[in-house]
Amino acid sequence: MKQENLSQLIEQMTLEEKVDQLLQLSADFYTKAAEEQTGPISELGLTDENIQNAGSILGLAGAKEAIQVQKEYLEKNRLGIPTLMMADIVHGFQTIFPIPLALGSSWDLEAAEKMAEISAKEAAVSGVHVTFSPMVDLVRDPRWGRVMESTGEDPYLNSRFAEAFVKGYQGTDLKNDFFRVAACVKHFAAYGAALAGRDYNTVDMSERTLRESYLPSYQAALEAGAKLVMTSFNTVDGIPATGNKKLFRDILRKEFGFDGVVISDWGAVKELIPHGVAEDEKAAAKLAIEAGVDIEMMTTCYSHFLAELIKENSIDERLLDEAVLRILELKNELGLFEHPHRGASEEKEAVILSEEHRKQACEIAKKSIVLLKNEAILPLKKEEKIAIIGPAAASQDVLGAWSWQGKMADAISLVTGAKKQGDNLLYGSESFDYFHPSDSAVDEAILLAQQADKVVLALGETEWMSGEAASRSDITLPSAQIELFKKIKTVNDQIVVTIYSGRPLDLRGIDDAKAIIEAWFPGTEAGNALAAILWGEYNPSGRLSMSFPESVGQVPIYYNCDSTGRPLETTNDEKYVSKYLDVSNYAKYPFGFGLSYSDFHYGALELDKDTLTPDDFLTVSVTVTNHSDISGTETVQLYVRDLVGEVIRPVKELKGFKQINLKAGESKTVRFTIEEAMLRYVHRDFRRQSDPGSFEVMVGPNSRDLQKAVFKLMN
Ligand code: BGC
């Protein structure tokens, strides 16, 4: 449909029809029989017309159902405007990929794009038009359960992943490519900084930090073309995001030039009342529409009060018309006016969970698993007798939160995966609880450990321990698992611990294992991917995208922290410096860290010159050699520190990375270019610019083990 036709369509709409476009309801309203619609649904006080004409639906999938719902919708819609179907496809539809935090740990942007492309395909054939992904909130506090949805603690890495996700979901021709879906970037803004890691809690940060660290990844997603933005539940500078005019009208729309759809998070418009900025639903509706929220998800402040607010001239009808236009434009950009069923096709649903998709999910899972420790125990050898024990050994709870359509029954457990690798396996027959294992299960595990050369002890969190509303104050492994580790160690100390988790953990209690593998939640192919790493079929290449604390007391802990006036520089004996009395300042496993079965050596860091001018660039190079007899992948990381700034600067910031494959004995020279634009930061007046002066450039395998050199930026 042509743009002018959309405007004409709006002219034909009644005030009520326009307001209905702004309402998003869950699938239950359309798929459940009327008599089942009791409780919250009937309490919303919506008329049949409101429900019939609501502009979008959340959480409906399945081609047959989607086609049926759209058909019935269009039969009754006076102007023939199709509905929009949105859903949370966060790390896969039915073929589940590693959680986003794990994808971040792959440092492999092509892998992320591939996962988004496959997710889009499976979702699109099932009738979904929009995914509520990517979630690009910067995260620094592993107590927050939603860190699993983010790609981590670094603005640069998050931005690159944000772009990769959007590209993979949307492709290059959304209107005609019905295997793609529109991307909704979330949660704008700074949801990842909930105080004390408690979900839905207040966020309080300076505007400079917001702009410097938190906003770049949303902006990167928008520059990659994301069609929608979701508000966040938290406050930003004392004002809940969903009613925050500065955030949406000034920053998102004016500064970033975003002209797509803004949708509230679930119930967030009405939550302006308990937040204490709106007296009632009417005031909440006014705040949200004025802030620039186009769609209200699952509450009815707009439905009940927008028309009234307009009639009494409390708000300008143009605000409503603009919102409706953006929603219709999105429908049009998805080709829905011409093809209301879009990609939905029962026949094409055959692609779901196909061999090819599972294969890709396995490859990507391998890339996202991180080897944290290895005291010459891994890889396992086929002929060794290996006991695979612990609560996660035979568990199919490997998908992670936000895997709505994923089925545990389709997932590969570690034991199942291991059977394809090892020839001599011992595993239990008892089911093993994560928190309260039975005595007989523990006894059996001990017996198996006694008989084995080596033990793979599979531990971790269950799916419900991370994700939304799953904050934890103690991020160690459940105590029963630590007890189990201790017992096993008394009979066999050749222990490899594998961990499934949705967050970095405090690993005290099991950190003297001979090897530790962080597998995150790897998705449907979990066991195959993890076993491939254990037996060395795949050489681990994952690198942490979020720091692992030594203890929860250090949290929030992140590598790119600001410099202080009393930095801890030498020994821990100094008293009056910024430090703890009882724990170091450092992460147990820092950002960027991960081991390989290969042995990579870095040659000297070289700069082609030591001064840089704004119209030139400088080349940093380092030669990396694989000193082992096995080929592997290394992620060479580039960091910069601005030694003197107008405002304080982080002690290091990631500015680039390159993944290289090195065969046994092979060397490669990696080159990075540094230019003035990379050295800009948010100044006192919020402008992004650089300052002439000295900078440290650092290159290495992770954010801790770096070689340094200095260069100067000239005017
Ligand atoms: C979450 C969003 C999600 C929405 C719809 C909310 O509770 O915060 O991330 O997209 O629900 O399911």
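A quick note: this is a predicted structure, and the numbers were derived from the prediction, not measured.

*Asks:* Kindly report on the sheet that holds strand β22 (residues 653-662), identifying the contributing residues and their values.
*Replies:* On the basis of which strands lie adjacent, the open sheet formed by five strands has the order β19-β27-β26-β21-β22 and mixed pairing. The open sheet has two edge strands with one neighbour each: β19 (611-612) and β22. Note that strand β26 (residues 693-700) and strand β27 (residues 707-713) share seven bridges and pair antiparallel. Counterpart to Val-699 in the pairing with β27 is Gln-707.

*Asks:* Give me the lowdown on the pattern of salt bridges, citing residues and values where you can.
*Replies:* Working definition: two side chains of opposite charge can pair if their charged atoms are close together. Per the counting criterion, the structure on display carries 47 salt bridges. A salt bridge links Lys-359 to Glu-356; the nearest nitrogen and oxygen atoms lie 3.9 Å apart. Residue Lys-359 and its partner Glu-356 are both found in helix α16 (residues 355-368); the two are separated by three residues, about one turn of the helix. Judged by its relative accessible area of 53%, Lys-359 is exposed. Given a relative accessible area of 41%, Glu-356 falls into the partly exposed group. Here Arg-649 and Glu-653 are joined by a salt bridge, their closest N and O atoms 3.4 Å apart. Given a relative accessible area of 5%, Arg-649 falls into the buried group. The network of salt bridges with shared partners includes Glu-207, Arg-211, Lys-246 and Glu-255.

*Asks:* Pulling in residues and values, what's your account of the packing of helix α10 (residues 207-223) against helix α11 (residues 245-255)?
*Replies:* Following both chains from N to C, one finds α10 and α11 inclined at 55°, their axes separated by 12 Å at the closest point. Compared by their axis directions, α10 and α11 come out oblique. Note that α10 runs across α11; the crossing there is right-handed. In contact with Glu-207, Leu-210, Arg-211, Leu-215 and Leu-222 of α10, α11 contributes Lys-246, Leu-247, Ile-251, Leu-252 and Glu-255. Taken together, the residues of the contact of α10 with α11 break down into six nonpolar, no polar and four charged.

*Asks:* Residue-level account of the domain arrangement of the protein chain, with values.
*Replies:* Each domain of the protein chain was delimited in the assignment, giving domain 1 (3-87 + 179-338), domain 2 (352-554) and domain 3 (598-713). The straight-line distance from the C-alpha centre of domain 2 to that of domain 3 is 34 Å.

*Asks:* Account for helix α9 (residues 155-170), naming residues and giving values.
*Replies:* Between its terminal C-alpha atoms α9 stretches 22 Å, which fits the 22 Å expected from 16 residues at 1.5 Å a residue. Burial of α9 is extensive: twelve of the 16 residues sit out of reach of the surface. Among the residues of α9, those classed as buried are Pro-155, Leu-157, Asn-158, Ser-159, Phe-161, Ala-162, Ala-164, Phe-165, Val-166, Gly-168, Tyr-169 and Gln-170. Contact partners of the buried residues in α9: α7 (100-106), α8 (109-125), β4 (130-131), β5 (182-188), α10 and β22.

The rules behind the values
Residues numbered from 1 in each chain as written. Predicted model: local features only at pLDDT ≥ 70, side-chain atom pairs only at ≥ 80, totals over all residues. Heavy atoms only, no water. Pairing = 2+ DSSP bridges. Helix = DSSP H or I, 4+ residues; strand = E, 2+ residues; numbered from the N terminus. Salt bridge = Lys/Arg side-chain N within 4 Å of Asp/Glu carboxyl O. Buried < 20%, exposed > 50% of the residue type's maximum accessible area, 1.4 Å probe, protein only. Axes fitted to C-alpha atoms, helices over the stretch in contact; angles between N-to-C directions. Parallel < 35°, antiparallel > 145°, perpendicular 65-115°, else oblique. Left-handed = near helix turned anticlockwise from the far one by under 90°. Contact = heavy atoms within 4.5 Å. Nonpolar A, V, L, I, M, F, W, Y, C, P; charged D, E, K, R; others polar. Domains from an automatic or database assignment. Expected span 1.5 Å × (residues − 1).

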